[in-house]
Structures are given as C-alpha cells and as structure tokens.
Amino acid sequence: AIVLLLSPMFMTLLSATWMASDQQRRNAESSLQRSREEAARVSGDLDAARRIQMGLLPDPAKVFAAEQRIEIAALLEPARAVGGDFYDCFALDSKRICFAIADVSGKGLPASLFMAVSKTLTGALARRTADIGQALCEVEIELNRENPEFLFVTAFVGALDLETGCLDFVRAGHDAPLLLRDGQISRIDDTDASGPPLCALGDFPYRSMQFQLQAGDRICLFTDGVSEAGNGQSLFGIERLASAFTALNPQLSATQHITQLRDCVRDFEAGQAPADDLALLLLRWNGPAVKGLSGR
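Residues numbered from 1 in each chain as written. Predicted model: local features only at pLDDT ≥ 70, side-chain atom pairs only at ≥ 80, totals over all residues. Heavy atoms only, no water.

Visitor: Break down the overall build of the protein for me, with residues and values.
Guide: Secondary structure summary: the protein contains seven helices and eleven strands in total. The globule rule puts the C-alpha radius of gyration for 296 residues at 19 Å, and the 27 Å found for the protein is more than 25% above it. Principal-axis analysis of the C-alpha atoms gives the protein an extent of 110 × 45 × 35 Å. Across the 296 residues that make up the protein, the buried fraction comes to 44%. A fraction of 73% describes how many contacts in the protein between residues 6 or more apart in sequence connect residues 24 or more apart. (Helix = DSSP H or I, 4+ residues; strand = E, 2+ residues; numbered from the N terminus. Rg over C-alpha atoms; globule rule 2.2 N^0.38 Å. Buried < 20%, exposed > 50% of the residue type's maximum accessible area, 1.4 Å probe, protein only. Contact = heavy atoms within 4.5 Å.)

Shown next as structure tokens:
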C-alpha cells in the first residue's frame, strides 16, 4: 500500500528531475553554441583586422621595382593577430625617398588602431613637409588631439637623397639603426636628432640631422621585438643582431637578408612564443645611377 501510494510521487519527482536536467543540458548547449559563434565572430574580425593592417604596409620590391640607386626590404610579424609595429617607404620626389619604422606602446587591437593612425599621419605629413623634424612635430600634435589611452610611439624616420647619399633623419625614442660600411658595424650618430617617443611629452621640438652615406652602405632598422626577443634565459640583443647583420652574404638580395635575420631571431627563441611584434627594414644605397624612381 505504501509503495502504491508513493509511486506516483516518486514518478513525479523523477519526471521533474529529468525535465530540469534536460533544460539545463539545453541551456548549456545553447550557451556553448553562442560562445562558439562569438569566438568565430571575434576570430573573423581579428583576421579581417590583420589583413587590413598588413595591407597598409607597402611592398618595397614593388614600390621601387625599377630603382637602381637603392635596394630596400622590410617585414612585419605581429606577436598576436594584430600589433603596433609598422614600417613605411615611399618616394618624395624623383630623387628623394622617405622610410620609417615605428613601435606603438601596448599590444593587440588598441595598438593596431593607433598604429594605423600613426602610419597614415607620418606618411601624409612627411610628404607635405620638407623638413622631417617639423613633420614629426606635426605628427605628435595630431596624435595628441585624441589619445584617451595615452599611447605613445617610438619612431625613426629618414629622408634619403638618392643622388648624393645625404640622409636627413629624426629618432623619436627608437633604437638607432645599425650601419654596415666596408665590413665594419656601427650605429648612426644621432645625438642632435634624438628625442622622446611621440606623445610622451606632448610638444617636443624634434629636429632633423644629416648623415652622409657612402656607396655600398647598408642600414638595418629594427623594433624591440628583435633586440628583446627571448629564449627563456636571455635576450637576443643588439650585439647578436649586429653579428648576424655583418655575417650576411653581400651577394644576396635585401629580401634574402631580411629573411635570414628574421630566422636568426626565431632560431634564438627556440620555440618560445614571441613576446612582442617584430619589424625589420634593410636599406642599401648603391650610389647615383641613371634610372630614377619608379613611382610613389
């Protein structure tokens, strides 16, 4: 009699428990599906952002395809899907080119957005302003108009006369480039052309400085993703970069050189995930020649 009396109650409780479990399962599956869809959307957005960011960077081989007075190559490898490093190179006129490398503070999407704005402003104002120092002053003013995250940018910007080899340049908190001349490595002397990172002080009077290149000189510009690459025990450092730069076969192209330098860094990391974006730009001045610039 007791069993008969309790059976309906037991079945009711069992049914309620089963229905609650089924509802929880359905809710969990729905939540998982939403998470997967959100992750896919975010991944798709990051892929699109990466394509846009990489698309902003010029291909030096195409920009200067017919130019015989210089050889230039560059690469960028963000540590994440997107990053804050960038490089640029373009013709100012028939005999002068501008090249730059820079590193925005921070990582990920915020840095990549500031990178896009910084690159666009630097390129536009360098084309419009004859003096590179004044151009960077104007870049800093524009960047500081809307900078709620208080980001800053280290940069090296140079304008090279392809006929004379005269290099006008400014260094804003960035590592000085390596110079390889007649097998000897050194750093470009830039005491009078150095200043703080863009947006660090807000209104710094950047001034350009001149440096005379010789035919055959090679320059290596880099970001701290190279010098501060680590293997868990030590950093790659500028000395290793200088040694690798000096050891490059001069008969190889700049594109091959830059690939070899990147490989040296990755080999040193020994499988460690990169901690920062990596950017490199190599330039060789061959001396004056008959052919001019191929385009802007």
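Having put the structure on the table, let's press on.
Visitor: Describe the packing of helix α3 (residues 108–128) against helix α4 (residues 132–145), naming the residues involved and giving the relevant values.
Guide: Angle between the axes and distance between the axes are the two parameters that describe a pair of packed helices. The interhelical angle for the contact between α3 and α4, taken along N-to-C directions, is 145°, at an axis separation of 9 Å. The handedness of the crossing between α3 and α4 comes out as right-handed. Along the contact surface, α3 presents F114, V117, S118, L121, T122, L125, A126 and R128, while α4 presents A135, E138, V139, E142 and L143. Residue composition of the contact of α3 with α4, by class: eight nonpolar, two polar and three charged. (Axes fitted to C-alpha atoms, helices over the stretch in contact; angles between N-to-C directions. Left-handed = near helix turned anticlockwise from the far one by under 90°. Nonpolar A, V, L, I, M, F, W, Y, C, P; charged D, E, K, R; others polar.)

Visitor: How would you explain the packing of helix α6 (residues 237–246) against helix α7 (residues 254–269) if you had to name every residue and give the values?
Guide: Where α6 contacts α7, the axes come no closer than 10 Å and their chain directions differ by 140°. Relative to α7, α6 is oriented oblique. In the packing of α6 onto α7, the handedness of the crossing is right-handed. Facing α6, whose interface residues are R240, L241, A244 and F245, α7 presents L261, C264 and F268. (Parallel < 35°, antiparallel > 145°, perpendicular 65-115°, else oblique.)

Visitor: Tell me about the nonpolar core, residues and numbers included.
Guide: By size, the foremost hydrophobic cluster in this structure holds 56 residues, and its most contacted members are F99 and L160. Counting residues per element, this core draws most heavily on strand β3 (residues 96–104), at seven residues. Residues within four places of L160 in sequence aside, it is in contact with I70, K95, R96, I97, F99, G165, C166, L167, L213, L283 and W285. With 22 residues, the next largest nonpolar core counts V226, F245, A254 and L280 among its residues. (Core = buried A, V, L, I, M, F, W, Y, C linked by side-chain atoms within 4.5 Å.)

Visitor: How would you summarise the pattern of salt bridges if you had to cite specific residues and measurements?
Guide: Overall, the coordinates contain twelve salt bridges when judged by the stated rule. Among the ionic contacts, a cluster of salt bridges with common partners joins E77, R262, D263, R266 and E269. (Salt bridge = Lys/Arg side-chain N within 4 Å of Asp/Glu carboxyl O.)

Visitor: Give a description of unusual backbone geometry that names residues and reports values.
Guide: For D182, which is not glycine, the phi dihedral falls at a positive 55°. By secondary structure assignment, the location of D182 is in the loop between β6 (178–181) and β7 (184–187). Under the relative-accessibility criterion, D182 is labelled exposed at 71%. Despite not being glycine, A270 has its phi angle at roughly 50°, a positive value. With respect to the secondary-structure elements, A270 resides in the loop between α7 and β11 (278–285).

Visitor: How would you explain α3 if you had to name every residue and give the values?
Guide: The end-to-end C-alpha distance of α3, which contains 21 residues, comes to 30 Å, matching closely the 30 Å that a straight helix rising 1.5 Å per residue would cover. Burial in α3 covers these residues: G108, A111, S112, F114, M115, S118, K119, T122, G123, L125 and A126. (Expected span 1.5 Å × (residues − 1).)

Visitor: Outline the environment of H174, supporting the account with residue identities and numerical values.
Guide: Counting through the fold element by element, H174 comes out in the loop between β5 (166–172) and β6. In this structure the C-alpha to C-alpha distance between H174 and L198, which are 24 residues apart in sequence, comes to 10.0 Å.

Visitor: Residue-level account of the environment of F222, with values.
Guide: Considering the arrangement of structural elements, one finds F222 in strand β10 (residues 218–222). A residue is classified by how much of its surface remains accessible, and F222, at 1% relative accessible area, is buried. Taking the C-alpha atoms as reference, F222 lies 18 Å from V82; in sequence the two are 140 residues apart. If sequence neighbours within four positions are ignored, F222 has contacts with I101, H174, D175, A176, L178, R187, S227, I238, L241, A279 and L280.

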